[in-house]
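Survey of secondary and tertiary structure
These are the residues of each chain, in order.
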Amino acid sequence: MDKLKVLQKLASDEGSSSRIFKALADPPTTSLQRLKGLTTGGLPTFIDVGNSFGAPAIIEDNLIYQQLVQNGKRVLMMGDDTWVQLFPDQFEKSYPYPSFNVKDLHTVDDGCVHHLLPSLYEEDWDVLIAHFLGVDHAGHIFGVDSAPMIEKLEQYNDILEKVIDVLKNQSGPGGLHENTFFLVMGDHGQTLNGDHGGGTAEEVETSLFAMSLKNPPASIPSALDSSSCRLDSDGKKICFSTIQQLDFAVTVAALLGIPFPFGSIGRVNPELYSLSSGTWNPPGTSASNYKHWLDLEKWMRNYANVLCINSWQVKRYIDVYSASSVIGFPSEDLRHVADIYDEAQNNWSHRAKNLSLCGNEVPNESCDTSLTILQGKIDAFSSFLASVAELARSKWTEFDLTMMGLGLGVFLLSLFIHIVAIRRADKLCQISDPSIGDSGISLRFISTLFVVAIRACSFLSNSYILSEGKVANFLLGTTGVLSLRRSIMKKRMLIEAVAFLLLSAVLRFTTEIGLSKQEGVSVFMRMLGIDEGHPVWMFIPEIVPMLALILLSYLLLRSTADNYCWRVLKYFFITGTILSYMLIAVHWALESNMLALPLVLGSVERNYVPRMIYAIGFGQLSSLACAQFFKQETSNYTESVLIKTVAMLSAWSSTIIIILGRQGPLVALACIIGAWCVIRLGTLEEKAKDGTIGVFTTDPIPVTQWSLLAVCLFFYTGHWCAFDGLRYGAAFIGFDEFNLIRQAILLSIDTFGVSHILPILGLPFLVLFQYPYSQGTRGRGIFSVKLSQVIFPRFDCNELIKWVFLIHNNAGLWKS
Amino acid sequence: MGKKTETNRSYRDRNASVTVSVSFMVHLICVLGLAIAFWVAQNVYSINLVSDPTQTLILLWVVESPIVILLYSLLRRNPEQCSYLKAVGRGIVGLPIGALLMAFGAVILGAPIGIQYLEKTVNWSLLMSLFTVVPTACVFGSSWEDWQRLFAYTKPVEVLDYIICVPAHGAVIGTWLGAWPMPLDWERPWQEWPVCVSYGAVAGYLLGILASLAFMLVFGGRRQHLKGE
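Worth saying up front: this structure is predicted, and the values here are computed from it rather than measured.

Section: the overall build of chain B
Along its length, chain B carries 8 helices and 0 strands. Counted from the first residue to the last, chain B has its helices and strands arranged as α-α-α-α-α-α-α-α. Across the 229 residues that make up chain B, the buried fraction comes to 50%. The long-range share in chain B, meaning contacts at least 24 apart out of those at least 6 apart in sequence, stands at 71%. Split by element, the accessible area of chain B, about 11100 Å² in all, is 69% carbon and sulfur.

Right, dumping it as structure tokens:
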């Protein structure tokens, strides 16, 4: 958005002493991973993302601890507290601020500003790190193209101006900042929605601004210069070079004159390296063309030496790694890399002897040749380092074998349990009704199997994972069309079939629209071309969720009205749930600025409302669990299961709705409509067979529809299968401060609420409504068989899919 | 209603005039129409589905629609009660209605929405309508029973049913399969909506025609033979 004008101005004004780089990060682009990558110079391993919430300290060799601290440099840190988690006691002094409350745009930044400027006048540090977080949080909450984002960037521009002023004022000979090197960089980018974690261009490409307070005497030869220039709007020339973030650690290490981190596979970047005047000889007195040549030759010699050390370090790391690692690199690739290294090394030791400094008197031929030779060296080492980095990027799949084995084990175990359960239930039925045998495989069964198989296969492909929501919707639509065909055939329930199709279309539209940060409703308004400022339309996004809530509670009342058992519990549940619905409405009313309620409640008091809702939900669940123990068996098994299911769902619903935010009630409504359609369409088959329960083949289409619907709802609520698909904002509803376990629970409820918790708990409906008349033990036997048969394919495909997905992500991340 | 069905049935039995050779001719002319449309697009306007999908689709359905409507109206049910012009009229009305149905189906299954796709979707659904709805409309009109029999039960009885039913199902299934390459990240121009879907539809239609001919030779021929005896 071109808001950081001061950096652009500096880069175009001051010629060679400051520069803008396009810094390419390696995915995953989460902060913790990037910080690790920046300080160790290695490639982040994928499995670490899971640790992003509770960062364990880095134990590998890294820039901060092993090198800076051990070499007696004092490091001062301020800002994001991830640094302190990574480097618990390496900082000389630190001012950490909590980083995980994404709603808080200012605490970290204000803290930074408060400490940054005074520190610039102090002499008690060698390296100062200031990590600002406002832009990241503004992106997470509001998206990139938003007013808070622009505000934040403008604020940064001011801060940078001040910092640079201070630095410049002190940069005279003998000044405090004579040899200061100033870097401004982003550790990762953001998508347009303000999320990050993946590997798209927006997330990976960041900028790095580097400024040396002392001008280097000459510029590097063009062969090492990769910059591309363009004219900006004022007609000034702005040049960008490209740097890999991988190279950052070694380059900074080289600039500071400390050993390279052990595990780094980066290359010292010539442009960034040359920017600091410290890498050049002290400027001599004779300023002539000859002097320039001499400087350049010396710098290149210096740089070639640095690269030589760099290559040696990388080679050693690769050797150690492949000797110790189980998986390691393929041997032919290793040999190839080793060959390049040997060649470069031989070349170097061979030529270094012959290489004379070019004549002390006049620039002559030998000068030119020595430059060419040096250039050759640099190229040889660079090609070695580049090939190592490429090899590492392509092959570095560090599997967490134990975790994967565990996942596979859990999957197999669940499969085994399912099979056993089905066998047992089958036996139960055989006893109660021996006439039941297996019947033939129907066309519908085949088509369902086909759909599930397609879905499972689609998870083997990277591009299908990216568009999983669309694929799921496509399959849902297909099953909907099949149902429509069926209902035309039976001439019944046309409305349900069409409603189901319409629902899937609506889900699809809103999934596409809703991927932006705004509430689906208001975007819909804008799509219709309705002026946002109109007062009537302003109220609709506020009122529609409330209406949906009222409708939900009405449905709940009605569905329980004609059940007579468990009377006390029922009333208790209904009142609890409706009370929490009312609380949700109150919460939104308080949050909304539309109703212009006076801010009578502080933020702390405001948090009590969601907490009460969580408490009610939890209380309902635990009382349900207690009731399970104390209640003896009722005669009417079906009915009791029904009421238990309703109670379970109503207990969960309020929590899920409030965590989902304003889309919550609409999602719940969509859920109910979809479920109703699926159930009704499922009964289509059974009633046609003159109401007998004898036929035992489960109709698999409703189950498939149920499962696909759940997947669609997952995407509908604005999630997708990537780490940037997590809605971090949801973890802070009702709480302001960060607590790992609590927030993780809320986040997982948000993520899996609609797609897993509600549909799985709702599965008994599917069975109950298909067999409304089954009674007693026989009904129970049928019920359990049905239930297990119903759950089985769902879990089967789900778990298989997840397992494949997990492995694929591990392996495929570096491929893409 | 029941009585009408009875009369229909009797008509159908009496009026088994559509023979395998006639249906072969019908199919041949339809395929030739498609081929001519493709040829014209390629050689006269030098466009194809990939380079200019909208124009090509327009050309395809403009060339194909008179052929389909006029041909299938010849095969109409109950020629005594229903004039040729009426059948043509049914076909013309069926074209946009079928297009609406097809567009609805496509949008449910995930066709992109937006102004820039509107033209393509409209033209594609008109072509699909020609493959599926229009022949049925021309032949059976608004007889719900026949529609149900053909598209819900998929139980073609006589030669005429095979001519209509099998290619229509082929086109729909071909379209469905044709949508599969769309999410792949090959970034080829033909992965765009509705290019590969149109190819799938045409391919499915052609396969359906072949299949319907085969069916007719196997079942229809035997039936005719039995009748002859």
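What about the overall build of chain A?
Of regular secondary structure, chain A possesses 28 helices and 8 strands. Buried residues in chain A amount to 51% of all 816 residues. Considering only contacts in chain A between residues 6 or more positions apart, those separated by 24 or more positions represent 75%.

Side note on the interface of chain A and chain B
With 23 residues of chain A in contact, the opposing surface of chain B contributes 21 residues. Summed over both sides, the interface of chain A with chain B buries roughly 2000 Å², with 69% coming from carbon and sulfur. Counting across the interface, chain A meets chain B through 0 salt bridges. The tally of links from chain A across to chain B stands at 4 residue pairs in polar contact (both at pLDDT 80 or more). Per element, the largest residue contribution to the side of chain A that touches chain B is 9 residues, and it comes from helix 17 (residues 468–490) of chain A.

Remarks on the sheet that holds strand 3 (residues 93–97) of chain A
Where strands meet in a sheet, backbone hydrogen bonds hold them as pairs that are either parallel or antiparallel. All names here are of chain A. If you walk across this open sheet you meet the 3 strands as 3-2-4, and the pairing is parallel. Lying at the two open borders of the sheet, with one neighbouring strand each, are strand 3 and strand 4 (127–131). Taken pair by pair, the neighbouring strands of this sheet meet at an average axis angle of 5 degrees, ignoring direction. Sheet topology places strand 2 (residues 75–80) next to strand 4; 5 bridges connect them, and they run parallel. Counted as the bridge partner of G79 is H131 from strand 4. Its contacts with the sheet place helix 5 (residues 107–120) against strand 2, strand 3 and strand 4, and it is angled at close to 155 degrees to strand 2.

A closer look at the pattern of salt bridges
All names here are of chain A. The final tally for this structure, using the stated rule, is 5 salt bridges over all chains. Two residues, D126 and R74, come together in a salt bridge whose shortest N-O distance is 3.3 Å. Separated by 52 residues along the polypeptide, D126 in the loop between helix 5 and strand 4 and R74 in the loop between helix 3 (63–69) and strand 2 bring together distant segments of the chain. Judged by relative accessible area, D126 falls into the partly exposed class, the value being 34%. For K152, the salt bridge is made with D109, and the minimal N-O distance between the two is 2.8 Å. Taken together, the positions of K152 in helix 7 (residues 147–169) and D109 in helix 5 put the pair 43 residues apart, joining distant regions of the chain.

Considering the UniProt feature "transmembrane region" (unreviewed entry) in chain A
Residue and element names in this part refer to chain A. Following the UniProt record, one finds the feature "transmembrane region" (unreviewed entry) at residues 401–421, 493–516, 536–557, 569–590, 642–660, 666–683, 703–723 and 743–769. Along residues 642–660, the helical share is 100% and the strand share 0%, with 26 Å between the first and last C-alpha atoms. Structurally, residues 666–683 comprises 100% helix and 0% strand, and the distance from its first C-alpha atom to its last is 26 Å.

Re helix 6 (residues 134–142) of chain A
Residues and elements named next belong to chain A. Every buried residue belonging to helix 6 is among G134, D136, H137, A138, G139 and H140, and all of these are buried. Its buried side turned inward, helix 6 meets helix 5 and helix 7. Positive phi appears at G143, one or two residues downstream of helix 6, with a value of about 90 degrees.

Quick notes on the pairing of strand 5 (residues 181–185) of chain A
Residue and element names in this part refer to chain A. Residue alternation in strand 5 divides its side chains into a buried set, F182 and V184, and an unburied set, F181, L183 and M185. Here strand 5 runs beside strand 6 (residues 205–212); their pairing, made up of 5 bridges, is antiparallel. Paired with L183 across the two strands is A210, which belongs to strand 6.

Remarks on unusual backbone geometry
Residues and elements named next belong to chain B. Cis geometry is adopted by the peptide bond preceding P194, which originates at W193 and carries an omega value of -10 degrees. The phi torsion at N78 lies on the positive side, around 55 degrees, for a residue other than glycine. In this structure, N78 sits in the loop between helix 3 (53–74) and helix 4 (84–108). The class of N78 is buried, set by a relative accessible area of 10%.

Here's the deal with the packing of aromatic side chains
Summed over all chains, the structure comprises 9 aromatic pairs over all chains. Relative to F215 of chain B, the ring of Y162 of chain B lies with its centre 5.6 Å away and its plane at 25 degrees, an arrangement referred to as stacked. Of this pair, Y162 of chain B sits in helix 7 (residues 159–178) while F215 of chain B sits in helix 8 (residues 195–228), placing them 53 residues apart in sequence. Classification of Y162 of chain B as buried rests on a relative accessible area of 9%. Following the ring pairs from residue to residue traces out a cluster consisting of F474 of chain A together with W176 and W180 of chain B.

Some words on the UniProt feature "transmembrane region" (unreviewed entry) in chain B
Residue and element names in this part refer to chain B. Here the UniProt-annotated "transmembrane region" (unreviewed entry) positions come out as residues 20–41, 56–75, 87–118, 124–147, 159–179 and 199–219. Within residues 20–41, the helical portion is 100% and the strand portion 0%, while the C-alpha atoms at the span's ends are 32 Å from each other. Secondary structure within residues 56–75 divides into 95% helix and 0% strand; the distance between the first and last C-alpha atoms comes to 29 Å.

Notes on the confidence of the model for chain A
Note that predicted coordinates carrying low pLDDT should not be read in detail. Residues and elements named next belong to chain A. Residues at a pLDDT of 70 or more form 57% of chain A, whose mean pLDDT is 68. Low pLDDT, under 50, characterises residues 282–287; the stretch is placed with 2 contacts to residues that sit more than four places away or in other chains. In the model, residues 516–521 has pLDDT below 50 throughout and makes 16 contacts with residues more than four positions away in sequence or in other chains.

So, the nonpolar core
As a rule of thumb, soluble globular proteins bury nonpolar side chains together. Formed by 113 residues in total, the largest nonpolar core has its most connected members in L475, I584 and L713 of chain A together with Y72 and F131 of chain B. Considering every element that reaches this core, the biggest residue donor is helix 5 (residues 115–140) of chain B, with 12 residues. Membership of the second largest hydrophobic core comes to 47 residues, among which are V250, W299, Y321 and L371 of chain A.

Describing a nonpolar patch on the surface
A cluster of nonpolar residues, F24, M25, L28, I29, L32 and I36 of chain B, forms a patch on the protein surface that exposes about 530 Å² of accessible area. For L28 of chain B, the location among the structural elements is in helix 2 (residues 20–43).

With respect to the packing of helix 2 of chain B against helix 3 of chain B
All names here are of chain B. Contact geometry for helix 2 and helix 3: axes closest at 9 Å, N-to-C directions at 160 degrees. Looking at the two axes, helix 2 sits roughly antiparallel to helix 3. With respect to the hand of their crossing, helix 2 and helix 3 are arranged in right-handed fashion. Of the residues in helix 3, those touching helix 2 at V26, H27, I29, C30, G33, L34, A37, F38, V40 and A41 are T56, L59, L60, V63, E64, I67, V68, L71 and Y72. Within the contact of helix 2 with helix 3, the residues separate by chemical class into 15 nonpolar, 3 polar and 1 charged.

Digging into the side chain of S387 of chain A
All names here are of chain A. With respect to the helices and strands, the residue S387 is situated in helix 13 (residues 365–395). Look at S387 and you get buried, because its relative accessible area is 13%. A distance of 2.8 Å separates a polar side-chain atom of S387 from the backbone oxygen of F384.

Brief notes about the environment of L747 of chain A
Examined against the element boundaries, L747 of chain A turns out to sit in helix 27 (residues 740–770). With 88 residues separating them in the primary sequence, L747 of chain A and I659 of chain A have C-alpha atoms 8.6 Å apart.

Observations concerning the side chain of S487 of chain A
Residues and elements named next belong to chain A. One can find S487 in helix 17. Given a relative accessible area of 0%, S487 falls into the buried group. Within the local environment of S487, its side chain forms a polar contact with the backbone oxygen of L484, the two atoms lying 2.9 Å apart.

A look at the environment of G674 of chain A
Here G674 of chain A is to be found in helix 25 (residues 663–688). For G674 of chain A, the contacting residues outside a window of four places in its chain are F500, L503 and L709 of chain A.

Notes on the confidence of the model for chain B
In this model, chain B carries a mean pLDDT of 82, and residues with pLDDT of at least 70 account for 87%. Here residues 225–229 of chain B scores under 50 on pLDDT; set against residues more than four positions off or in separate chains, the count is 2 contacts.

Basis of the calculations
- Residues numbered from 1 in each chain as written.
- Chains lettered and ligands numbered in written order.
- Predicted model: local features only at pLDDT ≥ 70, side-chain atom pairs only at ≥ 80, totals over all residues.
- Heavy atoms only, no water.
- Helix = DSSP H or I, 4+ residues; strand = E, 2+ residues; numbered from the N terminus.
- Buried < 20%, exposed > 50% of the residue type's maximum accessible area, 1.4 Å probe, protein only.
- Contact = heavy atoms within 4.5 Å.
- Areas by Shrake-Rupley, 256 points an atom, 1.4 Å probe, with all protein chains shown as cover.
- Buried area = accessible area lost by both parts, 1.4 Å probe.
- Salt bridge = Lys/Arg side-chain N within 4 Å of Asp/Glu carboxyl O.
- Polar contact = N/O pair within 3.5 Å; in protein donor to acceptor, adjacent residues only side chain to side chain.
- Pairing = 2+ DSSP bridges.
- Axes fitted to C-alpha atoms, helices over the stretch in contact; angles between N-to-C directions.
- UniProt positions renumbered as here; feature names shortened; annotations may be inferred.
- Phe/Tyr/Trp six-rings, centres within 6.5 Å; stacked < 30°, edge-to-face > 60°.
- pLDDT = per-residue confidence, 0-100.
- Core = buried A, V, L, I, M, F, W, Y, C linked by side-chain atoms within 4.5 Å.
- Patch = residues over 30% accessible without salt bridge, like charges linked within 9 Å, V, L, I, M, F, W, Y side chains within 5 Å.
- Parallel < 35°, antiparallel > 145°, perpendicular 65-115°, else oblique.
- Left-handed = near helix turned anticlockwise from the far one by under 90°.
- Nonpolar A, V, L, I, M, F, W, Y, C, P; charged D, E, K, R; others polar.

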